[in-house]
Structures are given as C-alpha cells and as structure tokens.
Amino acid sequence: MNLDSAKKVFFLESRENLQRIEENLLTLLENAHDQEFINALFREVHTIKGSAGMFGYQDVTNFAHVFENLLDGVRNGEVGVSDQLVEVSLASHDYMKNLIDFAENEKAVPDEVVSEGEVLIERLKGFQSETENKEKQKAALINYESVESRKPQTSTADTSTGVENRYWHISLRFGENIFTTGLDPFSFIGYLKNIGTIVNVIPVTQQIPEFKDFNPEICYIGFELDFDADKGIDKVKIMDVFEFLTDDCTVIVLPPHSEVDHYCQMIADLPESAVQIGDILTQSGTLTKAELEEALELQSSKSTDDGENHPLLGEVMLKEKMIPETVMEAALEKQKENRAKEEQRKRSIRIDADKVDQLITLVGELVISGANIKQRIGQTDDTDLSEAVEQMARLVDDVRDSTMYIRMVPIGETFSTFKRTVHDLSRDMGKQVELVINGGDTELDKTLVEKIQDPLMHIVRNAVDHGIESPEERLAMGKKEKAVIRLNAFHESGSIVIEVSDDGKGLSRDRIYAKAVANGLVTSGQNVDDRTLWNMIMLPGFSTAEKVTDISGRGVGMDVVKKNIDSLRGVVDIESTEKQGTTIRIHLPLTLAIIDGFLVTVANQKYVFPLDMVLECTDVEFNQDDKEGGNFFTLRGEVLPYLSLGELFYGDNFKNIDKTNENRVFSHDDKNKIVIVEYARKRAGFVVDHLLGELQTVIKPLGKLFYNMHWISGATILGNGEVALIIDVPRLIEYVGNNVKLRGKK
Amino acid sequence: MMDDLCFRLSVGENGLECKVIKSGADVTEAEIKGDCTIYNAAEIKKFISKYYDKSDSLVLNLSGVDEIDSSFFQLLLALKKDAGESNKRVSFIAHSIPVLKYIDLYGAAAMFGDRLVVKKEDRDKFDFRYGLKTVKGASGNESR
C-alpha cells in the first residue's frame with residue numbers, strides 16, 4: 001500500500017476522531033457522569049495515539065499518551081470530571097489538532113507550540129498527580145477492590161466470592177492460519193512484559209494431533225497466562241495488546257479475583273475439554289483446589305442434589321457450561337450490534353471530490369443531450385420512439401437527482417462545531433449560553449456547507465457577543481439566567497433555510513436609526529420599516545456596537561457575511577424584537593449545478609427561472625395600475641409588485657422589439673404573461689413575452705466577461721444548442737421590492 | 001549401525017539446511033540449521049518424518065537454528081507430545097539462543113525436559129520460570 005495515501009487516510013480519520021473528541025467533551029460538560037462518553041473519549045484518543053505512532057508522529061503519540069492516561073483515570077473514576085478538566089481536555093484537543101495540521105503540511109512544529117504542549121502536559125499530569133496522592137492514602141487492598149468494582153460483569157458481586165488469584169488471567173487461542181499471516185504470538189506475549197510482569201505461561205497442547213497428521217503450517221497451540229499488570233493497566237489495555245489478532249482468535253482476559261463463575265465461562269469458551277483446562281489452571285496456580293471445590297459445591301447445589309462430596313472436576317465444568325449461556329447470549333447480542341455498527345461504517349466510502357464533480361459535469365452533459373433528443377422526438381410521429389425517449393428522460397432525471405444527492409451532506413456536522421465556539425465565547429465573556437440545534441440532518445450541497453460555515457460562525461459569534469446579555473442583566477429582566485441560541489435548518493420552497501436565533505436583547509432600533517442617519521442612509525424623521533432598518537446593519541462600515549471587542553463590533557462583519565451569502569445566491573433576512581431576541585435567517589439555493597428550470601422568452605431571447613421558485617404563471621391586464629404609475633397588480637386580492645423584464649433588460653428599445661415580435665409570433669391581445677416567483681418569503685411578478693415550459697437546466701457559469709450582469713446568475717444550453725440565461729431571482733426580487741416601493745411612495 | 005556419513009536432505013535455497021548426522025534403528029541424530037520459520041515448516045516436517053518413524057530415539061541438534069517463529073516451536077512441541085504418547089524418545093540438544101527464547105517465554109522448559117545449556121553471558125536474557133512445574137512423561141529438568 002502506498003504510504004502517502006495511507007497517510008491521507010490517517011489525517012482524515014484523525015480529524016474525525018478529534019471532532020468526536022470535541023463533541024464528547026462538550027457533552028461531558030452537560031452530562032458529567034455518563035460513562036459512555038468517557039469511554040468513547042478514551043477510545044478516540046487511543047486511536048489517534050496508535051495511528052500517529054504507526055506513521056511516526058512521535059510528538060502526537062507522546063502527547064496523546066499523557067492525555068490518554070488522564071482520561072483513563074477519569075474512566076476509572078480516579079479523576080473526577082470538572083469544568084477545569086474539560087477545559088484542559090479541550091485545550092489538549094486543540095493542541096493535537098495543531099500538531100496534526102503541522103504534520104499534514106509537513107512543517108516543523110514551531111517552538112512556541114512545543115512549549116504550549118509542555119505546559120499542557122504539565123497540566124494534564126497535574127490532574128493525575130492529584131489522583132496518585134489520593135491513591136497513596138488508600139491501602140493496597142482498597143485498590144484491589146476498585147479494580148474489582150470496575151469490572152462490568154461483577155456489578156452486584158461481592159468480592160468475597162472472587163478467587164484468590166491476584167493476577168490477571170489471559171487465555172489465548174489462535175486462528176489456524178495465524179502462522180501464515182505473519183503474526184507471531186511470541187511478539188504479543190512478549191509485549192506484555194512492557195505493561196507488567198508475566199507470572200506464568202502455559203502452552204496448551206491438547207489440540208495438537210499425532211505427528212503423522214500434524215500440519216506444521218496450522219496453529220494448534222494456545223496459551224494460558226497469568227499476568228501481573230502494572231498500575232494503570234486495565235482490561236482494555238491488555239486487550240489492546242492483542243488487537244491485531246483476527247476474529248478467529250480467542251482472547252479472554254479475566255481481572256484479578258474474578259469470580260469462579262467467570263473462570264467457568266472462560267473454560268466453556270475454550271476449545272479444550274474442561275478437565276484439561278481445569279488441570280492446567282490448578283497446576284499453574286491460577287485456581288486453587290479449594291476454589292475448584294467451591295465451584296463444585298456451588299454447582300452441585302445449583303444443578304442436581306446428588307449430594308456427592310467429590311464429583312469429578314470435569315463434570316462440574318461441563319455443568320458450568322449451562323449457566324453462562326444467558327450471559328453468552330447477551331454477549332453475542334452485543335457483538336452483533338457492534339458488528340452492525342461496523343458494517344454501517346464500512347458502507348460509506350471516501351471519494352475524491354474531483355471525481356464527483358466530474359460525474360456531475362458528465363450528468364450535466366447527459367441532461368443537455370437528453371433534452372436535445374426530447375425536442376427532436378417531438379417533431380416526429382413515431383410513438384414507440386417517443387415512448388422510449390420518455391422513459392430514458394425519466395431515467396436521466398433519476399440519474400441527475402441521485403448524482404446531485406452524492407454531494408449532499410447533512411449540515412449537523414457544521415452546526416456542532418459551533419458548540420465549541422459558543423462554549424468558549426460564553427465562558428470568556430462570563431455569559432451562560434446553551435446552543436440548541438434543530439434540523440441537523442437537513443442536507444445541502446457540500447460546497448455550500450463549506451462556504452456557509454464562516455458566515456454562520458460570524459452570526460453565532462455576534463449573537464453571543466452582542467445579542468446575549470450578561471446573566472445579571474437577564475435575571476433583572478426576568479429572563480432565565482441561561483440564554484438559548486438556536487440553530488435551525490429546514491427546507492422551504494426550493495431553498496434551504498438556516499436560522500440563527502437568540503433570546504437576547506434584540507437589535508436597538510433607536511441606535512441603528514441614529515447610525516443610519518449619521519451615515520446618510522436615511523434622513524432624520526424619515527419613516528423606515530423595521531426590515532429595511534435591520535438590513536442596514538449588513539451594509540459596509542455599519543456597526544453600532546458600543547465597544548469593539550476582539551470578537552465582533554468592527555463593522556466589517558455583517559457586510560462580509562452578506563457578501564458571502566450573496567455569492568452563494570443566498571439571501572439574508574433579519575427579524576428582531578427588542579428585549580426578546582433576534583433571528584437571522586439565511587436562504588440558500590438547494591444545489592449549485594443542476595436545477596429544474598422554467599423557460600420563458602423576452603424579446604426573442606430565452607430565459608430560465610429556477611422552477612422551485614416559480615409559484616404560478618398567469619395573464620394580467622395592467623391598465624388600471626398603470627394609470628396610477630406604480631408597478632403593482634392584484635392577484636386574488638393580494639397586491640404584488642411586478643416588473644417587466646423586457647423594460648428592465650432593453651429599456652426604451654423594448655417597445656420596438658416587442659411590437660415586431662408580437663406582430664410576427666403571436667396575435668394575442670394586450671394581456672401580459674406574468675411569472676410569479678417567491679424567494680425568501682418575498683413575492684414578485686415578472687412580465688415576459690412567452691411561457692415555454694419546464695426543462696432541466698445545467699447551470700454554466702458565465703465567465704468574467706459577464707461578471708457584472710446583475711440579473712443573470714448563469715447560462716444553460718438548450719437541447720437545440722441555443723443559450724438561455726438564468727434569471728437571478730433572489731436579486732431581482734430584492735430589486736423589485738426596493739424600486740417599486742420607492743416609486744409607489746412618490 | 002552408525003552411519004558416519006553426513007548427507008544433506010535439502011540444501012538451503014530457503015536458508016534452511018537439514019542434515020542427518022547419525023542414522024540407526026535406536027538413535028537418529030540430525031541437525032536443523034538456518035531459517036526455521038513458517039516458510040520452511042512443511043520442509044522441516046518432511047525431513048523429520050522421514051527419520052522419526054525409523055528409530056526409537058531422535059536427537060535434534062538445534063545449535064544452528066538462527067531464525068524461529070511459533071510454527072517451529074509448535075513443531076517441536078508436537079514431536080515431544082507424540083513421542084510421549086507413542087513411547088519414543090525425542091530430545092533436543094544444543095539449543096540456539098532464538099530457540100531458547102521461545103522455550104523460555106512459552107514456558108516449555110519443563111515440558112520439553114531437555115537439558116538447556118545457557119552460556120554465562122546470556123543468562124540474564126532468560127527467566128525460565130514459566131510453565132507447569134511437573135510434567136507427565138518429562139525426563140527431568142536440568143538447566144545450567
């Protein structure tokens with residue numbers, strides 16, 4: 001395997017591990033005693049440590065080792081979960097992320113980062129030494145008890161039923177192909193010496209056949225080990241030694257003073273007969289004769305009352321087999337679950353984004369040529385052929401949809417990165433903020449997700465910094481001490497909506513108004529509605545923050561946010577109620593590359609509206625409205641602004657073109673065709689010449705030459721090779737809203 | 001009859017060399033040298049099988065074994081076990097360091113029951129403290 005590509009995978013996976021570490025840490029803050037999260041944390045750090053070691057990133061391994069030790073202490077209940085602990089852990093997470101970034105860019109780690117790491121290591125160790133001090137106070141016996149109580153199996157057990165053996169017992173049986181895989185049990189067993197002292201090793205030879213039948217390439221042997229683990233080594237760490245063994249190998253690890261029952265179960269799980277194993281266990285000193293007697297009495301009273309004082313050892317062991325079956329079933333069930341999880345993970349594959357892009361380009365071409373065929377077939381009378389083409393068109397549709405779907409990723413992952421931001425910020429500012437996430441599984445295009453992250457981050461920071469009041473202020477206002485910031489994502493009329501809302505103090509109308517007057521945006525005394533006013537905060541250089549913090553308030557924030565969202569063909573909308581909170585709503589188009597379009601003509605040129613945004617098409621007479629001079633019309637009682645695309649695009653010339661066109665192509669009356677579109681909860685009508693119907697549209701960028709075309713967001717190629725321009729509905733709606741209103745006011 | 005002729009059964013293109021030093025009905029003495037890993041496991045078994053049945057006692061000189069893995073250890077174990085069950089005698093002599101390391105860690109010193117000679121300067125490499133203390137059919141436990 002190519003090492004470079006393996007490394008790439010390592011970096012990818014480490015990022016994922018780190019992300020999960022962060023998530024788990026944040027959950028831990030709310031849920032300090034959930035063992036599940038602590039275990040998960042430990043595993044993730046352990047994975048990073050292991051794989052970093054494999055690639056020789058010693059600094060990562062070393063650091064992860066210290067971190068892991070601390071988490072191990074937490075897992076064992078030796079170190080309590082505290083806010084400080086989570087803080088240090090978060091810092092450790094950041095540091096590891098840093099190290100991995102440097103490793104990926106193949107840069108040397110700068111000295112200041114190294115020293116930062118050293119400080120962190122000291123802090124991590126600080127937690128541990130606390131533990132050690134505590135531990136010193138405890139007697140050795142108590143230590144054993146804590147080992148005992150750690151074992152998941154013996155939750156109710158009383159330690160007196162445990163065996164005398166104060167060592168770990170390890171049973172190893174290997175798959176018959178282990179020799180040929182190049183794995184040598186010798187190295188695993190030898191490795192144990194690094195984490196403790198091997199007390200005894202007994203080779204188990206019962207499975208070896210007669211020499212003439214003996215196949216030297218098959219593994220028949222197994223081992224029974226007694227092992228004195230070093231301090232801090234637990235079952236997981238011992239199991240880890242054998243983690244490279246394949247599934248057909250059996251590794252059983254019994255903690256010191258395990259109950260006789262567990263030994264019985266172990267014996268049941270091993271391939272040799274109970275007599276043979278029993279012999280080995282007694283002779284090696286793992287179990288005493290008395291313990292076997294005890295097991296024996298226990299068993300005979302449980303199963304049959306044969307009253308015999310000394311039944312054969314084997315009999316007891318065999319009977320013993322019956323007991324753990326339920327336990328075994330539970331274990332199997334668990335195993336099944338784990339396997340299902342594992343398979344789920346295997347089902348997702350990593351693909352280079354370029355490959356997906358290439359596929360999308362190809363599907364785009366397919367859609368175009370499909371449209372071409374469809375158009376041509378309309379000109380023939382061959383019904384069979386047109387039926388076949390119909391079917392193909394449907395398939396092309398499906399192919400297009402599922403191709404676009406490949407790029408769709410849930411936004412939840414992006415959302416959860418804000419948890420950390422909110423946590424850090426609110427701590428720094430002495431505020432209490434809870435981040436509530438809804439609709440995290442709403443899917444949108446991967447490039448959109450990437451590009452929306454920064455603007456969203458800014459909005460969230462703003463909310464914490466400016467929106468949320470300090471706990472005292474909140475209490476004084478009768479609000480809950482802990483503020484809530486909500487992140488919502490959902491689908492709405494062909495767009496994705498992402499909302500960031502807080503229950504803070506809301507925007508200050510007076511202050512924004514004053515600032516707008518000062519900037520010359522409105523004249524003093526002018527009546528401005530809320531929405532217009534709120535939107536002004538997204539203008540360049542518009543900041544009303546009383547104090548500039550390092551987080552926000554320099555006035556270069558919201559305008560950049562708006563610009564970024566504009567570039568994604570999105571729209572930002574602000575709602576705010578003083579003292580109750582602010583909601584910032586971002587509408588984003590569903591996809592970037594292929595859309596269903598609605599084809600119209602204006603002055604013989606074809607234009608496409610994104611179909612998702614088209615509400616309806618209708619004929620309207622404008623006579624009475626025109627007289628009043630405003631561009632409004634009434635549709636079923638609702639007043640809507642409208643705009644003639646012809647006039648917008650061609651100005652006064654349009655009337656001339658229009659006339660010739662009308663005379664030549666169709667003989668309609670003076671009724672106008674109007675397309676009613678909606679975007680970001682605003683509606684408007686656009687007057688066009690002809691309605692041509694739906695089509696699939698592959699959006700092609702227009703290139704630099706048309707960079708300044710405001711009303712056009714792209715172009716598409718029609719089936720016959722003609723170019724149609726795609727109307728930039730969000731911008732047009734905004735334009736209509738502003739201009740028509742102004743004209744109406746005059 | 002003793003056969004003083006040394007002949008080679010297989011010459012080590014795989015780094016393995018198996019030699020019969022003496023061959024007879026009561027004792028066969030042979031030597032295995034070189035790479036005794038899974039790559040040569042089948043070859044080694046073939047070699048031993050050829051002489052194992054023919055005499056009551058097999059002596060294997062392991063002084064030249066310079067590479068070993070668990071498959072070879074298992075083969076030695078299989079020989080000892082089979083010998084114990086079929087009233088034969090198999091002994092290993094002049095174990096090389098790698099062989100000793102396996103016997104040591106795998107707790108087989110007593111089980112094998114052969115005399116283990118460890119040079120003074122190598123002694124701290126080994127513990128020889130694992131394994132069962134008493135073994136059925138073992139011919140005594142000597143270690144120096």
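Rules used throughout
- Residues numbered from 1 in each chain as written.
- Chains lettered and ligands numbered in written order.
- Predicted model: local features only at pLDDT ≥ 70, side-chain atom pairs only at ≥ 80, totals over all residues.
- Helix = DSSP H or I, 4+ residues; strand = E, 2+ residues; numbered from the N terminus.
- Buried ≥ 20, exposed ≤ 12 C-beta atoms within 10 Å, placed from the backbone.
- Contact = placed C-beta atoms within 7 Å.
- Axes fitted to C-alpha atoms, helices over the stretch in contact; angles between N-to-C directions.
- Parallel < 35°, antiparallel > 145°, perpendicular 65-115°, else oblique.
- Left-handed = near helix turned anticlockwise from the far one by under 90°.
- Nonpolar A, V, L, I, M, F, W, Y, C, P; charged D, E, K, R; others polar.
- Pairing = 2+ DSSP bridges.
- Core = buried A, V, L, I, M, F, W, Y, C linked by C-beta atoms within 7 Å.
- Expected span 1.5 Å × (residues − 1).
- pLDDT = per-residue confidence, 0-100.

Quick look at the overall build of chain A now. In terms of helices and strands, chain A carries 25 helices and 21 strands. For chain A, the proportion of its 746 residues judged to be buried stands at 33%. A separation of at least 24 residues holds for 69% of the contacts in chain A among residues at least 6 apart in sequence.

With that out of the way, let us pick up the overall build of chain B. From N to C terminus, chain B includes 4 helices and 5 strands. Going through the 144 residues of chain B one by one, you find that 39% of them count as buried. Sequence separation of 24 or more characterises 59% of the internal contacts of chain B that already satisfy a separation of 6 or more.

Moving on, we come to the packing of helix α16 (residues 412–429) of chain A against helix α17 (residues 446–467) of chain A. Residue and element names in this part refer to chain A. In the contact formed by α16 and α17, the axes pass within 10 Å of each other and the chain directions differ by 25°. The angle between α16 and α17 falls in the class roughly parallel. α17 is crossed by α16, and the crossing has right-handed handedness. Across the interface between the two elements, Thr414, Phe418, Thr421, Val422, Leu425, Ser426 and Met429 from α16 touch Val449, Gln453, Met457, Val460, Arg461, Val464 and Asp465 from α17. Across the contact of α16 with α17, the residue classes tally to 8 nonpolar, 4 polar and 2 charged.

Positionally, Ile221 of chain A belongs in the loop between β2 (196–204) and β3 (222–229). Given 23 C-beta atoms within 10 Å, Ile221 of chain A falls into the buried group. Apart from residues lying up to four places away in sequence, Ile221 of chain A is in contact with Pro203, Val204, Thr205 and Ile208 of chain A together with Gln74 and Leu77 of chain B.

All names here are of chain A. Strands sit in the order β14-β17-β18-β16-β15 across an open sheet of 5 strands; the sheet is mixed. Looking along the sheet, the strands with just one partner apiece sit at the ends: β14 (614–620) and β15 (632–635). Neighbouring strand axes in the sheet, compared pairwise and without regard to direction, differ in orientation by 35° on average. Two elements, strand β16 (residues 638–644) and strand β18 (residues 682–688), share 3 bridges in a ladder whose sense is parallel. Across the sheet, the residue bridging to Tyr642 is Gly685, located in β18.

Take the sheet that holds strand β20 (residues 712–717) of chain A next. Residue and element names in this part refer to chain A. Taken in spatial order, the 5 strands line up as β19-β12-β13-β21-β20 in an open sheet, and their pairing is mixed. The open sheet has two free edges, formed respectively by β19 (690–698) and β20, since each of these has just one partner strand. The mean inter-strand angle of the sheet, taken between neighbouring strand axes irrespective of direction, is 35°. Here strand β13 (residues 605–610) runs beside strand β21 (residues 723–727); their pairing, made up of 2 bridges, is parallel. For Val608, the partnering residue across the bridge sits in β21 and is Ile726.

Here we come to the nonpolar core. Within the largest apolar cluster, 82 residues are counted, with the highest numbers of intra-cluster contacts made by Trp168, Val201, Phe227 and Tyr263 of chain A together with Ile32, Ile44 and Ile103 of chain B. In terms of residue count, helix α2 (residues 70–85) of chain B provides more of this core than any other element does, 7 residues in total. Excluding its chain neighbours within four sequence positions, the residues that come into contact with Tyr263 of chain A are Val163, Leu254, Ser258 and Leu287 of chain A. The next biggest cluster of nonpolar side chains, apart from the first, holds 78 residues, and it includes Val363, Ile485, Ile586 and Ile674 of chain A.

All names here are of chain A. Between the first and last C-alpha of helix α2 (residues 35–54) there are 29 Å, a value that for 20 residues agrees with the 28 Å anticipated at 1.5 Å per step. Where α2 is concerned, the buried positions are Ile38, Leu41, Phe42, Glu44, Val45, His46, Ile48, Lys49, Ser51 and Ala52. A positive phi of about 80° marks Gly56, the residue just after α2.

What follows deals with the interface of chain B and chain A. When the parts come together, some accessible area is lost, and that loss is often what is quoted as the size of the interface. Counting residues at the interface gives 25 residues for chain B and 24 residues for chain A. Breaking the side of chain B that touches chain A down by element, the ones donating at least two residues are α1 (41–52), α2 and α3 (97–105) of chain B. Counting residues per element, the side of chain B that touches chain A draws most heavily on α2 of chain B, at 9 residues. Taken together, the residues of the side of chain B that touches chain A break down into 16 nonpolar, 5 polar and 4 charged.

Not every positive phi belongs to a glycine, and Lys579 of chain A is a case in point at roughly 70°. With respect to the helices and strands, Lys579 of chain A occurs in the loop between β10 (571–577) and β11 (581–589).

Let's shift gears to the pairing of strand β3 (residues 27–36) of chain B. Residues and elements named next belong to chain B. The pairing of strand β2 (residues 16–22) with β3 spans 6 bridges and is classified as antiparallel. Across the sheet, residue Leu16 finds its bridge partner in β3, namely Gly34. Counting the residues between successive antiparallel strands, the hairpin from β2 to β3 contains 4 residues. One ladder, built from 9 bridges, connects β3 with strand β4 (residues 57–68); its direction is parallel.

Moving on, we get to the confidence of the model for chain A. Residues and elements named next belong to chain A. Residue-level pLDDT values for chain A average 76, and 80% of them are 70 or greater. Within chain A, helix α6 (residues 140–150) has the poorest average pLDDT of any element, 41, and β13 the best, 89. Predicted confidence is poor over residues 135–160, with pLDDT under 50, and the contacts of this stretch with residues over four places away or in other chains come to 18 contacts. Contacts from residues 302–328, a stretch scored under 50 in pLDDT, to residues over four places away or in other chains number 33 contacts.

Residue and element names in this part refer to chain A. The topology assignment puts Tyr679 in strand β17 (residues 672–679). For Tyr679, a count of 26 C-beta atoms within 10 Å corresponds to the buried category. For the pair formed by Tyr679 and Leu615, sequence separation is 64 residues and the distance between their alpha carbons is 9.9 Å.

Right, let's get into α3 of chain B. All of the buried residues in α3 of chain B are Val99, Leu100, Tyr102, Ile103, Asp104 and Leu105 of chain B. Looking at the buried positions of α3 of chain B, the neighbouring elements they touch are α7 (185–191) and β2 of chain A together with β4, α2 and α4 (109–112) of chain B. Immediately beyond the C-terminal end of α3 of chain B, within one or two residues, lies Gly107 of chain B, with a positive phi of roughly 60°.

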